[in-house]
Amino acid sequence: MMFRDRGSSSQHSRLLGVKVSTAYWGSYSPLLMEIRKVGIVGAGAMGSGIAQVCAQTGWETVLYDAFPESIKKGEESILSFWQRGIEKGKTNEVEVSSWKDSLRTSSDIEEASRGMDLIIEAVPEKIELKKSVFRELERLAPREAVLATNTSGLSISEIAAEIKNSRRFIGLHFFNPVPLMPLLEIVRHEETSEETVTISKKVGEALGKTTILVNDVPGFATSRLGVVLGNEAIRMLAEGVASASDIDIAMKLGYRHPMGPLELSDLVGLDVRMDILNSLAEAFEDESYNPHPLLKKLVESGDLGKKTGRGIYDWTSGSREERIWPRDYQVPSK
């Protein structure tokens, strides 16, 4: 375990106080909801990023994953980010030391559940997996804890159906890389209480995020727009309209997007993008959402983007480079 257990120390804690009503939790009614302890379930790119910003806020944070190699990779990602911050003069050793004190890792889901005020699930975008996680979390977590999913497009209502007190359940959609992206999309379902929404907004504020509130519809607001743009950009690439970098430059300079749709797709993960498109196509019964064949082929080949070294671009050197396409991909050369 690379991070120290800060125990019960509250020296670096930043408490989040939100008044809640008796109708919120039923018989249990705290006068003040204080976020002191946060559990993160899933140590992938999203989970480790969420754990990082929670620790930086001063909350006692436990990052859980069932796979030790995922925990190790998540730890290394967080430490690397903090070290780069020191080297760039954006933080210092003392501050980083306090963040480390706020964060620990565990391969025991009970440690990331019991006594927590907020638990955020960030496992892969498979709805049955998420359902099973929340069945376990409801059994282990305090009844007053807020339960949140970081899904980027799955049905919040369907996951909430696994929770007896679904009023405390909500979607908190962070964006990758979490420490740098300023948006938090809060997704409510029909049973989500106003208190849960209020707490979630305060969580976003404490984390330095700008929040938007959307209803539980397929793709929410961000993913629905983002995957359609990315899918169309892939279609243009496959048709030989322009190179990947030129398509991205067109959107960055022509429409002031901070990142092009193809680079963003590689960063998010092509498998994630394809899962969302498939979900939209099924939900709306609209074939226009079907993933482009090139996207399907990339995912089937294991070329998922930056995380695997190749996707739309070649990332094997550590930076983004135009990819030399194998002949069987049938991508016109530029």
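The coordinates are above.
Residues numbered from 1 in each chain as written. Predicted model: local features only at pLDDT ≥ 70, side-chain atom pairs only at ≥ 80, totals over all residues. Heavy atoms only, no water.

Engineer: Explanation requested: the overall build of the chain in the structure shown.
Structural biologist: Helix and strand counts for the chain stand at 12 helices and 10 strands. By residue count, 51% of the 334 residues in the chain fall in the buried class. In the chain, the proportion of contacts linking residues at least 24 apart, taken out of those at least 6 apart, comes to 66%. Counting every atom, the chain has about 15800 Å² of accessible surface; 50% of that belongs to carbon and sulfur. (Helix = DSSP H or I, 4+ residues; strand = E, 2+ residues; numbered from the N terminus. Buried < 20%, exposed > 50% of the residue type's maximum accessible area, 1.4 Å probe, protein only. Contact = heavy atoms within 4.5 Å. Areas by Shrake-Rupley, 256 points an atom, 1.4 Å probe, with all protein chains shown as cover.)

Engineer: How should empty space enclosed by the protein be read in this particular structure?
Structural biologist: Where empty space is left can be seen by rolling a probe of water-molecule size over the atoms. The tally for this structure, following the rule as stated, stands at 1 cavity of 30 Å³ or more. Each pocket or cavity is described by its volume, and for the largest cavity that value is around 40 Å³. Surrounding the largest cavity, Val 227, Gly 230, Asn 231, Ile 234, Ser 265, Leu 270, Arg 273, Leu 277 and Leu 295 form its lining. Taken together, the elements giving at least two residues each to the lining of the largest cavity come down to helix H8 (222-238) and helix H11 (270-284). (1 Å grid on protein atoms, 1.4 Å probe; cavity = no way out; pocket = protein on both sides within 12 Å on 5 of 7 lines; lining within 4 Å. Points joined across faces, edges and corners; volume = space filled by probe spheres on them.)

Engineer: Would you explain the layout of surface pockets in this entry?
Structural biologist: Roughly 200 Å³ of volume is contained in the second largest pocket. For the lining of the second largest pocket, a count of residues per class yields 6 nonpolar, 4 polar and 3 charged. (Nonpolar A, V, L, I, M, F, W, Y, C, P; charged D, E, K, R; others polar.)

Engineer: Could you clarify how one ought to interpret the pattern of salt bridges in this entry?
Structural biologist: Close approach of charged atoms allows side chains of opposite charge to pair. In the structure shown here, the tally under the stated rule is 20 salt bridges. Note that Asp 275 and Lys 126 form a salt bridge whose closest N and O atoms lie 3.6 Å from each other. Note that Asp 275 is positioned in helix H11 and Lys 126 in the loop between strand S6 (118-121) and helix H5 (127-140), a separation of 149 residues in sequence. What makes Asp 275 partly exposed here is its relative accessible area of 22%. Here Lys 126 falls in the partly exposed class, since its relative accessible area comes to 46%. One salt bridge in this structure joins Lys 297 and Asp 328, with 3.5 Å as the shortest N-O distance. Of this pair, Lys 297 sits in helix H12 (residues 293-300) while Asp 328 sits in the segment after H12, and the two are 31 residues apart along the sequence. Residue Lys 297 is classed as partly exposed on the basis of its relative accessible area of 27%. By relative accessible area, Asp 328 is classed as partly exposed at 49%. One network of salt bridges, in which partners are shared, links Glu 60, Arg 104 and Glu 111. (Salt bridge = Lys/Arg side-chain N within 4 Å of Asp/Glu carboxyl O.)

Engineer: Please explain H8 as it appears in this structure.
Structural biologist: For an α-helix, the turn length of 3.6 residues means that residues three or four places apart are oriented alike. Helix length check: H8, at 17 residues, gives a terminal C-alpha distance of 24 Å against a target of 24 Å (1.5 Å per residue), a fit within 8%. Thr 222, Ser 223, Val 227, Gly 230, Asn 231, Ala 233, Ile 234 and Leu 237 are the residues of H8 that are buried. Considered in projection along H8, the buried side chains sweep an arc of 160 degrees and stay on one side of the axis. (Expected span 1.5 Å × (residues − 1). Arc of directions from axis to C-beta.)

Engineer: Is there a simple way to explain the environment of Lys 126 in this structure?
Structural biologist: A C-alpha to C-alpha distance of 9.2 Å links Lys 126 and Thr 151, two positions 25 residues apart in sequence. Leaving out residues up to four positions away in the same chain, Lys 126 has contacts with Leu 154 and Asp 275.

Engineer: Looking at this structure, how should I read the side chain of Asp 314?
Structural biologist: Tracing the chain through its elements places Asp 314 in the segment after H12. Since its relative accessible area comes to 14%, Asp 314 is described here as buried. Polar side-chain contacts of Asp 314 include one of 2.6 Å to the side chain of Thr 316. Those residues in contact with Asp 314 that lie beyond four places of it in its chain are Gly 309, Ser 319, Arg 320, Glu 321, Glu 322 and Arg 323. (Polar contact = N/O pair within 3.5 Å; in protein donor to acceptor, adjacent residues only side chain to side chain.)

Engineer: Help me understand the nonpolar core in this model?
Structural biologist: Considering soluble globular proteins, one finds that nonpolar side chains tend to be buried as a cluster. Ile 40, Ile 50, Ile 120, Leu 172 and Phe 174 are the most contacted members of the largest nonpolar core, which totals 34 residues. A per-element tally of this core places helix H2 (residues 45-57) first, with 6 residues. Counting 27 residues, the second-largest nonpolar core is a separate cluster that includes Ala 242, Leu 262, Leu 270 and Val 299. (Core = buried A, V, L, I, M, F, W, Y, C linked by side-chain atoms within 4.5 Å.)

Engineer: Where do I start with the packing of aromatic side chains in this structure?
Structural biologist: Here a ring pair, both rings aromatic, is described through the centre-centre distance and the interplanar angle of the planes. Tallied over the full model, the rule gives 5 aromatic pairs. A ring pair is formed by Tyr 313 and Trp 315, whose centres lie 6.3 Å apart and whose planes are at 80 degrees; its orientation type is edge-to-face. Each member of the pair, Tyr 313 as well as Trp 315, is classed as buried. Positioned above the aromatic ring of Tyr 329 is the side chain of Lys 297, whose terminal nitrogen or guanidinium carbon lies 5.3 Å from the ring centre. (Phe/Tyr/Trp six-rings, centres within 6.5 Å; stacked < 30°, edge-to-face > 60°. Lys NZ or Arg CZ within 6 Å of the ring centre and 35° of its normal.)

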